Amino acid sequence: MMSAVSSLVPARFLTIIAHLVIVITIFWSRENNVKACLPLDFTQEQYDNEDQKLVVALAVTLGLFAIELAGFFSGVSMFNSSQGLLSTGVHASASVALLFFLFEQWECDIYWWILSICSVLPAFVEILLFIAVFGLKKKPL
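Moving on: the overall build of the protein chain. Counting its secondary structure elements, the protein chain contains five helices and zero strands. Here the protein chain holds 141 residues, and 38% of them are scored as buried. Of the contacts formed within the protein chain by residues at least 6 apart in sequence, a portion of 80% connects residues at least 24 apart.

I26, L98 and Y111 are the most contacted members of the largest nonpolar core, which has 25 residues in total. Elements supplying a minimum of two residues to this core: α1 (4–28), α3 (44–74), α4 (81–103) and α5 (108–135). Counting residues per element, this core draws most heavily on α3, at seven residues. With residues near it in sequence (within four places) discarded, I26 still touches L58, L98, F101 and L102.

Rules used throughout
- Residues numbered from 1 in each chain as written.
- Predicted model: local features only at pLDDT ≥ 70, side-chain atom pairs only at ≥ 80, totals over all residues.
- Heavy atoms only, no water.
- Helix = DSSP H or I, 4+ residues; strand = E, 2+ residues; numbered from the N terminus.
- Buried < 20%, exposed > 50% of the residue type's maximum accessible area, 1.4 Å probe, protein only.
- Contact = heavy atoms within 4.5 Å.
- Core = buried A, V, L, I, M, F, W, Y, C linked by side-chain atoms within 4.5 Å.

Okay, here's the thing in structure tokens:
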């Protein structure tokens, strides 16, 4: 039987990957979400502007995934139970919220809220752990 801390590792990995898959899915099929951000009689210029904003938000999310996965796979935060719990919680929440964003065609501004809470927060903590482990020479726990 796995302990609570050791079961956090696969749970964290699976929630990060679920969140990543949904972000990639939104990236591939963002047309309807972009249209949901526009008035009914929109111009091509308005469409291109909203599309560009969403692409930037999705690209930032992918960059934050890279930071978090680097910390996870390098072992800096793999067995850190606080980061594991935070990461699992926010990525599971992001997965649910982004499914609603995708299927209910929520407005694009909501994506920025989901990004800031569910991607920036764990990536910021990951950066702090990188500083603690590599800068302050603390043991990765």
